[in-house]
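# Summary of structural features
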Amino acid sequence: MYEKLAGMTGTAATEAEEFHKIYKLEVVVIPTNLPMIRQDFPDLVYKDEDAKFKAVVREVERLYRERRPVLIGTVSIEKSEDLSNRLKRRGIPHQALNAKNHEKEAAIIAQAGRLGAVTVATNMAGRGVDIILGGNPAGRDPEDWQREHDEVIRLGGLHIIGTERHEARRIDNQLRGRAGRQGDPGSSRFYVSLEDDIMRRFGGERIRGLMNWAGMDEDTPIENRFVSRAIESAQVKVEGFNFDIRKHLVEYDDVINTQRTIIYGERRKILSGADIKANILSMVAEEIAAVVDRYTGGDYGEEEMQALLNEVKAIFPVPPGVNARLLAGMKPAEVQRRLTEAAEAVYEQKEKELGPENMRMLERLLMLRVIDSLWVEHLTEMEYMRQGVGLQAVAQQDPLVVYKRQGAAMFQELMDTIRSTVTRSIFNVSIRRQRAEHQPAVDMSKVTTGHGQSRPQAPARVRAAGRKVGRNDPCPCGSGKKYKYCCGR
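This one's a predicted model, so the numbers in the text were calculated from it and none came from an experiment.

### Section: the overall build of the chain
- Helix and strand content of the chain: 15 helices and twelve strands.
- When burial is assessed residue by residue, the chain has 44% of its 489 residues classed as buried.
- Long-range pairs, those at least 24 residues apart, make up 69% of the contacts in the chain between residues at least 6 apart in sequence.
- Entry remark: accessible area of the chain is about 26900 Å², with carbon and sulfur atoms responsible for 51%.

Right, dumping it as structure tokens:
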């Protein structure tokens, strides 16, 4: 789609492998403009979530008394509201951001670096926003802002508190990155409990046993670089698992993308005004060849040729001179040639009646309508197959291989259905002018989808070209049903 693919983010280094394997992109780390002096303290690990939040409140209260700004990141809106209620009970003024009022919250986060500011937010808050120490200077007296700015720097800058580790290190790094920007001082620390999702999945019970063995109470945390590294190791495992999921997702999408390229290429050719008469006549010849093959595979006589003609009549009106007795005396190749020539003659006659310009319009409208409706159905069926193909692993088969194989077969069926629907409709539809808009419209109400169903298409009316349709005649829309059971209802 694009000639060049590139991007810039502050947290790409942790996803460098994924960028390379999926998008073939190399990650280049650009040094910071000024040295990073932020202090990232080791995680504090508590036995349960309640003890963890009590510790967070105590730390926030201490920093608030020092008038040092604090930004607290939570993993969900529910956790942010719980923490906000705890702070209210301790009488600590704060701002709670939970993505419910974007404009107001953008202004709040811009002032999160002021003296004594306490901000509780989800980890999405403030992403991409520079929190200026001392607050946003816009509209303030420069000297007052400078004094507050210097005081915040003296206190150590913005302090970041993370209330839980995420599955992805990238999200943790984004939260930490709110402090220590552009050479400013700052610090960060994560508070973790053994009840957090990441800890329950990786080693939480082992650490709990160690804390019980050491006789540690609920309010005593583990603070050790080794524990922080163990948590990061668990995050790497989860990231690898999620990467495999996304990689498989891309591989599955590649199948659809290949098919989409073919379909969209055909649509672009039609929309660009290309002459598709030769394409349609080729489809007609292929459809006739397929019908002839079905009835001439072995010995055949007048009975088989009559059945063949009955099916061919659903494609185009067969001239009176072509009958079962005549075809029964021909070889299969001659039968195919004779019917194809008859179809081309009828096509040329139809073009003379409508005029070349109207015929080209009819071809384009019909092709677009058939391709669009069948393509939507195909995408739905592919999605259904994709949802259930994982069960193939039970049969010791690679689901992706099965998906590719079945997807290719379904796409070939789609192309065959497009061919069959177009050829069984082109001879039986016409162009009519709408008085209000003076725009040509395809005069047909149903297009057979190839799955035994007919899809209404508005605005439309079926009209057999040049003759009246009897109630028991085959429907001119090409569905294969009698007119009274199809468009004649």
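### Describing unusual backbone geometry
- The phi dihedral of Arg67 is positive, around 70°, even though this residue is not glycine.
- Relative to the helices and strands, Arg67 is located in the loop between helix H2 (49–66) and strand S3 (70–74).
- Phi at Gln182 is positive, roughly 55°, even though this residue is not glycine.
- With respect to the helices and strands, the residue Gln182 is situated in the loop between helix H6 (169–176) and strand S7 (186–193).

### Describing helix H3 (residues 77–89)
- Taking 1.5 Å of rise per residue, 13 residues should cover 18 Å, and H3 covers 19 Å from first to last C-alpha, within 8% of that figure.
- Taken residue by residue, H3 has Ser80, Leu83, Ser84, Arg86 and Leu87 as its buried positions. The arc that holds the buried residues of H3, viewed along the axis, is 160°, so those residues lie on one side. Turned more than 90 degrees away from the buried face of H3, the exposed residues are Glu78, Lys88 and Arg89.
- Downstream of H3 by a residue or two, Gly91 has a phi angle that is positive, lying close to 75°.

### Here we look at the confidence of the model for the chain
- This prediction gives the chain a mean pLDDT of 81; 82% of its residues lie at or above 70.
- In this model residues 444–466 is a low-confidence stretch, pLDDT under 50, and it forms 67 contacts with partners more than four residues away in sequence or in other chains.

### As for the packing of aromatic side chains
- Scanning the entire structure with this criterion turns up four aromatic pairs.
- Measuring from centroid to centroid gives 4.8 Å for Tyr252 and Tyr403, while their planes differ by 70°, and the two rings are edge-to-face. A residue pair is termed long-range when its members are at least 10 positions apart, and Tyr252 in helix H9 (residues 225–271) and Tyr403 in helix H15 (residues 399–426) qualify at 151 residues. As far as the burial class goes, Tyr252 and Tyr403 line up, both buried.

### Observations concerning the packing of helix H10 (residues 277–295) against helix H14 (residues 356–388)
- Axis separation between H10 and H14 bottoms out at 10 Å; the angle between their running directions is 65°. The interaxial crossing formed by H10 with H14 has left-handed handedness. Where H10 approaches H14, its residues Lys277, Ile280 and Met283 are matched on the opposing element by Arg360, Glu363 and Met367.
- Partitioning the contact of H10 with H14 into residue classes produces three nonpolar, no polar and three charged.

### Description of the environment of Ile315
- Take Ile315: it is sitting in the loop between helix H11 (302–312) and helix H12 (324–328).
- For Ile315, a relative accessible area of 0% corresponds to the buried category.
- Considering only alpha carbons, one finds Ile315 and Ile288, 27 residues apart in sequence, at a separation of 8.4 Å.
- Ignoring anything within four residues of it in the chain, the contact list for Ile315 reads Glu287, Ile288, Val291, Thr423, Arg424, Phe427 and Asn428.

### Focus on the environment of Asp219
- Relative to the assigned elements, Asp219 resides in the loop between helix H8 (204–213) and strand S8 (222–223).
- What makes Asp219 partly exposed here is its relative accessible area of 43%.
- Separated by 174 residues in sequence, Asp219 and Val45 place their C-alpha atoms 9.9 Å apart.
- Beyond its immediate chain neighbours, meaning those up to four positions away, Asp219 contacts Tyr46, Ala51 and Arg58.

### Observations concerning the pattern of salt bridges
- Inspection of every chain in the model, using the stated rule, returns 34 salt bridges.
- Between Glu61 and Arg90 there is a salt bridge; the shortest N-O distance is 2.4 Å. A residue pair is termed long-range when its members are at least 10 positions apart, and Glu61 in helix H2 and Arg90 in the loop between H3 and strand S4 (95–97) qualify at 29 residues.
- Under the relative-accessibility criterion, Arg90 is labelled partly exposed at 42%.
- For Arg337, the salt bridge identified is with Glu341, shortest N-O distance 3.2 Å. Linking Arg337 with Glu341, this pair stays in helix H13 (residues 332–354), spanning four residues, or about one helical turn.
- A relative accessible area of 40% means that Glu341 is categorised as partly exposed.
- By sharing partners, the salt bridges in this structure join Asp275, Lys277, Glu348, Glu351, Arg360 and Glu363 into a single network.

Rules behind the numbers
- Residues numbered from 1 in each chain as written.
- Predicted model: local features only at pLDDT ≥ 70, side-chain atom pairs only at ≥ 80, totals over all residues.
- Heavy atoms only, no water.
- Helix = DSSP H or I, 4+ residues; strand = E, 2+ residues; numbered from the N terminus.
- Buried < 20%, exposed > 50% of the residue type's maximum accessible area, 1.4 Å probe, protein only.
- Contact = heavy atoms within 4.5 Å.
- Areas by Shrake-Rupley, 256 points an atom, 1.4 Å probe, with all protein chains shown as cover.
- Expected span 1.5 Å × (residues − 1).
- Arc of directions from axis to C-beta.
- pLDDT = per-residue confidence, 0-100.
- Phe/Tyr/Trp six-rings, centres within 6.5 Å; stacked < 30°, edge-to-face > 60°.
- Axes fitted to C-alpha atoms, helices over the stretch in contact; angles between N-to-C directions.
- Left-handed = near helix turned anticlockwise from the far one by under 90°.
- Nonpolar A, V, L, I, M, F, W, Y, C, P; charged D, E, K, R; others polar.
- Salt bridge = Lys/Arg side-chain N within 4 Å of Asp/Glu carboxyl O.

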